[in-house]
Structures are given as C-alpha cells and as structure tokens.
Amino acid sequence: MSDTLIVAELADGKIKKTTHSAITFARQAGQPFSILVIGAGAKAAAAELTGFGAKAVLVADDASLASYVAERFAPTVVEVARSGGFGVVVATASSFGKDLMPRVAAALDAGYAGDISAVSADGGKLSYKRPMFAGNAYGHCTISTATQIVSVRQSEFTAAEPSGGASDVKDVAVAPAGPGADRVEFVKFDQVKSARPALGEAKVIVAGGRALKERFNEVLEPLADALGAGVGASRAACDAGYAPSDYQVGQTGKIVAPALYFAIGISGAIQHLAGMKGSKVIVAVNKDGDAPIFQVADYGLVADLFGVVPELTSAVIAAKG
Ligand SMILES: Cc1cc2nc3c(=O)[nH]c(=O)nc-3n(C[C@H](O)[C@H](O)[C@H](O)COP(=O)(O)OP(=O)(O)OC[C@H]3O[C@@H](n4cnc5c(N)ncnc54)[C@H](O)[C@@H]3O)c2cc1C
C-alpha cells in the first residue's frame, strides 16, 4: 500500500480542526502520509501542520483559490494525488470533504468510501466501516482500484494531537480549473458566528425539538450557558423556524458525538438518532414515556420540559457555586 494524502481544510487562513480527524485516520491506516494545504493563504497556514508526523506538508497557494469552489480545488488535488503516486486520498466528511472527494474520485477513476466511521488494516489491505440506512446498519467495504478515496466522520476519528518533529513544507503547482469552472461563480459564504462551541467540537450539547416552539432560546440557552454547551435542534424545530438550520442534528444535519447530549422535547425519530446516538451519555426529557428517544437514552425524565428545564438549569448553576 502506498502513502496517504490528507487534504486539509482552511477557513479564514487557518487550518480547520476537521483536518485533525483525517490525520487520525492516516495514522490508523498505518502508511506514511503527506498533507496537502490548498487555498489562498495556504502557505502561512501550513506551519500549523508541520508537527503531526507527515512526510511533507504540500502547499497549493493561489489567489484563484480564495473561496472554495469544487471545480477549482479538485484538479489540484487530483494532480498532486496522481503525480505523488498516493494510494489513499482522504479528507474529513465536512461539507468541504463531502463535496470535494467524490469529484476527486471520479477524476481519478477511483473507488470512494464516503463518511466512514472506522478503518482497519489487515495484512496491508484497508477495510472501511460505513454507516448505512441512517446508521441502522454498518457495511464493511474494501476498494479495489489503485487509488482509494475516503472521507471520514469527524465524530468517530478523534482529533489528532501533534506528535513532534518538523515536516518539510513544499510548494506544489496549482492545476488549471476544471471544465465548468467558468460557469460557477462564488457569491458569498454566510458564516454563522457564535460564542458557543461548534456542534462538531462541543463536549456537551443541549438540543431541543419542536415541543419548545417559540420559547426554544428562552428555555435552552440558560442551560447551555450554565454547561458551556453547544445548542442543537431537531429538523422539525429548524423547519418550523424555532431554531436556525445550522443547529440541525441528524441524518440530513450534523453528526455529533459529544460526551453529554441533552434531547429536550425531541421524539427520537431514526433520522435524528442517526446524528447523535454515538454520544457517550444521552439525557432525554419528554412528556411521553413511550417516545423512542428513551430507547437510546442513558437517563430519561418523563416530564413537561417547561417545568423541569429551568429547574435543572438552576440546579446546575447552584452546583457550580
Ligand atoms: C429524509 C429525512 C431526513 C430527515 N433528517 C432529519 C434530521 O437530520 N434531523 C432530525 O431531527 N430529523 C430529521 N428528519 C425528521 C424526523 O423524521 C422527525 O420528523 C423529526 O426529527 C421530529 O422532530 P421532533 O422530535 O422535534 O418533533 P416531534 O416528532 O413533533 O416530537 C416532539 C416531541 O416533544 C414531546 N413534547 C411535546 N411537548 C412537550 C413538553 N411540554 N415537554 C416535554 N416533551 C414534550 C412530544 O412527546 C414528542 O416526543 C428527517 C426526515 C426525513 C424523511
């Protein structure tokens, strides 16, 4: 098996934490690895990745890569993968990785294992574990093409820590934009700025469902503040406009696995469970004792949330002194 190429993700000229999950994958795959930092400002950001044990940190820095557009980024990833003879090309299955990697796979005529939750290396052959049917079943697959393209689930690959050393930093050529790039215009990126931890990185998440109605923030925010938690929501709560859409947890939202997840007034539909059932401890509050959320909850409270959540919040504040 030949080396692994990690595609790093940049935001505002800094390496995104998602990249560290792809590094963990590469370490588990057991082959030497290099990291490609691609985007405008990549050269300055590359220094953040030189202490993780990579053979090289490759830099593709160009003003044309100031904003992410798949048609502009993919050709450089493809060229670096091809010319470097990499056996595996990996990114984290963030919006960036999920968008970019299938395109890279197609251009390289390579097999793709998307959104994997584990990798094992038996006798030099990599086997990938993938959630299927909204996480109700797992498939184990191997890829038979010379190059293997992978995206990894951030919640299942703990962020890598630096291992010391100092990788070489090398510039690589930026490939011309692919076909269709001239028909794509980057308009804007509406970034939600919040003082709360990002859902993918939060150790505690307080999530609410449709039951909260217009009182979503009024009831949940004090508890989240007391716990230093991120705030999540069911799709029904987002669709109804009680919570912003980037709060959505689930099959078509964010996949999270915090140490502690509060599901408050959330029924526990399989599409919601698909995004949070990997949480270490799940606490559910629901007035319906038969709600499916109780089947995955470690602690359950059958109660009216409007009464117990403020009580719980006061108890947390009192316990903190
Ligand atoms: C293709 C597809 C993809 C989907 N993707 C997602 C996804 O990513 N994420 C997601 O969440 N959903 C997703 N859904 C929707 C999902 O099927 C459910 O409809 C949704 O999760 C329900 O949200 P909810 O639990 O907030 O609402 P409801 O199902 O309406 O449940 C509300 C719950 O609150 C409880 N309740 C009501 N009042 C109170 C009270 N005062 N105190 C305590 N409890 C109370 C009720 O007993 C009930 O259990 C998807 C659906 C489809 C078809």
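Quick caveat, the model's predicted, so the values are computed rather than measured.

Participant: Hey, could you run me through the site of the ligand in this one?
Facilitator: Around the ligand there are 25 residues in total, and Arg210, Ser234, Thr252, Ser267 and Asn286 lie nearest to it. At a separation of 2.9 Å, a nitrogen atom of the ligand approaches a polar backbone atom of leucine 305. Notes on the ligand: free accessible area 990 Å², of which the protein chains cover 74%. Elements represented by at least two residues in the shell around the ligand include exactly α6 (235–239), α7 (270–276) and α8 (305–320). For the shell around the ligand, the class distribution of residues is 8 nonpolar, 12 polar and 5 charged.

Participant: Would you take a moment to explain helix α3 (residues 70–84) for this structure?
Facilitator: Each turn of an α-helix holds 3.6 residues, which means side chains three or four residues apart point in the same direction. Compared with an ideal rise of 1.5 Å per residue, which puts 15 residues at 21 Å, α3 spans 21 Å between its outermost C-alpha atoms and is within 8% of the ideal. Of the residues making up α3, those classed as buried are Ala70, Glu71, Phe73, Ala74, Pro75, Thr76, Val77, Val78, Val80 and Ala81. Next to the buried residues of α3 lie β1 (4–7), β4 (33–38), β5 (56–60), β6 (88–92) and α4 (95–108). Just downstream of α3, glycine 85 is the residue with a positive phi angle, here 65 degrees.

Participant: Before we go on, may I ask you to explain the domain arrangement of the chain in this structure?
Facilitator: Put simply, an interface is often sized by how much accessible area is lost when its parts join up. Considered domain by domain, the chain is made up of domain 1 (4–183) and domain 2 (204–320). Taking only C-alpha atoms into account, the centre of domain 1 sits 33 Å from that of domain 2. Contacts between the two partners involve 5 residues from domain 1 and, on the opposite side, 7 residues from domain 2. Both sides of the domain 1 and domain 2 interface together cover about 560 Å² of buried area, and 53% of this is carbon and sulfur.

Cut-offs and rules
Residues numbered from 1 in each chain as written. Predicted model: local features only at pLDDT ≥ 70, side-chain atom pairs only at ≥ 80, totals over all residues. Heavy atoms only, no water. Near = heavy atom within 4 Å. Polar contact = N/O pair within 3.5 Å; in protein donor to acceptor, adjacent residues only side chain to side chain. Areas by Shrake-Rupley, 256 points an atom, 1.4 Å probe, with all protein chains shown as cover. Helix = DSSP H or I, 4+ residues; strand = E, 2+ residues; numbered from the N terminus. Nonpolar A, V, L, I, M, F, W, Y, C, P; charged D, E, K, R; others polar. Expected span 1.5 Å × (residues − 1). Buried < 20%, exposed > 50% of the residue type's maximum accessible area, 1.4 Å probe, protein only. Contact = heavy atoms within 4.5 Å. Domains from an automatic or database assignment. Buried area = accessible area lost by both parts, 1.4 Å probe.

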